[in-house]
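Coordinates in review
The primary structure of each chain is shown beneath.
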Amino acid sequence: MPDPTAPDQDIDHVASALVASLPALHRGLERQVARDFPHPRLPDGQLALLFLVEEREGITVRDAAEALLMKPNNVSALVSQLTDQGLLERRQDAADKRVAHLHPTATARQRLAEARGLKEAHLAGALRTLTEGELDALGAALGALTSLNRGLHSPLG
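Because the structure is a prediction, the values reported are computed rather than measured. All chains use their own residue numbering, which begins from 1 and follows the written sequence. Restriction of local features to residues with pLDDT of at least 70 applies here, the model being predicted, together with a cutoff of 80 or more for giving and counting side-chain atom pairs; totals for whole chains, interfaces and linings are based on all residues. Calculated side-chain values reflect all of the structure's heavy atoms, with hydrogen atoms and water omitted.

1. A short note on the overall build of the protein
By the criteria applied, helices consist of DSSP H or I runs no shorter than four residues and strands consist of E runs no shorter than two, each listed in order from the N terminus. If you tally the helices and strands in the protein, you get 6 helices and 2 strands. Scanning the protein from its N terminus toward the C terminus, one meets helices and strands in the order α-α-α-α-β-β-α-α. With C-alpha atoms as the basis for the radius of gyration, the globule rule is written as 2.2 Å multiplied by the number of residues raised to the power 0.38. Relative to the globule expectation of 15 Å for 157 residues, the C-alpha radius of gyration of the protein, 19 Å, shows a markedly less compact shape. Along the first, second and third principal axes, the C-alpha atoms of the protein reach 65 × 40 × 20 Å. Accessible surface for the protein amounts to roughly 10900 Å². Of this, 59% is attributable to carbon and sulfur atoms. Computed by Shrake-Rupley with a 1.4 Å probe, the accessible areas treat only the displayed protein chains as cover when residues are assessed.

See below:
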C-alpha cells in the first residue's frame, strides 16, 4: 500500500524549493536589470502599481488597492507620486466625478517596455546556459507555474 504522507511530503519539498528559488531568481534578475536600466529605479510599491495599471488600464484606486492588498489611501499616495513624476494619469469617471481611472503615460509605457525587454534578454541569456533537459523541464513547468500563480492571486488563494 502506498505511503499516504508521500504526496504531502512531495508538496512540502516543492513548496520549500519554490519559496527559496523564486525570490532569488527575482533578485538576480532585478540586479541585472538595475545595472543596465538608464532611469532611476522606482520603489517596489510604485513599480507594482505601475505594472498593475499597465495590465489593467483604467483601474480605479479602490480596485488597485484591492489587487495589491493595500489600503486605498496608501495607493492614492503612490498615485500622487507617480503622477508627479509624469508616469501616471488620473482621468475622471464620466458618470461619477469622485472616481478616477488610472492610465500609464507614454513615458511609463516606454520605461516598462524597456525594463521588460532587459529582463527578457537577461533571462534568455541565463536560459542559454542550461542543458536541453533543463530547458525541457522548465518549458513543461510553465503551464503549472501559470496555474499556481492564478491560484495564489485568486480570491480564495
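2. Focus: the packing of helix α3 (residues 61-68) against helix α4 (residues 72-84)
Lines fitted to C-alpha atoms define the axes here, with helix axes fitted over just the stretch in contact, and angles between the N-to-C directions of these axes take values from 0 to 180 degrees. Remark: α3 packs on α4, axes separated minimally by 9 Å, with the N-to-C direction vectors making an angle of 110 degrees. By the angle class used here, α3 and α4 are roughly perpendicular. In terms of crossing hand, the pair formed by α3 and α4 is right-handed. Contacts between α3 and α4 involve V61, R62, A64 and A65 on the former and, on the latter, P72, V75, S76 and V79. Only Asp, Glu, Lys and Arg are considered charged, only Ala, Val, Leu, Ile, Met, Phe, Trp, Tyr, Cys and Pro nonpolar, and every remaining residue, Gly among them, polar. Across the contact of α3 with α4, the residue classes tally to 6 nonpolar, 1 polar and 1 charged. When an angle is under 35 degrees it counts as roughly parallel; over 145 it counts as roughly antiparallel; between 65 and 115 it counts as roughly perpendicular; any other value is oblique. Helix crossings get a hand from a simple test, with the near helix turned counterclockwise from the far one by less than a right angle marking a left-handed crossing and a clockwise turn marking a right-handed one. In this description, contact between two residues means that some pair of their heavy atoms is separated by no more than 4.5 Å.

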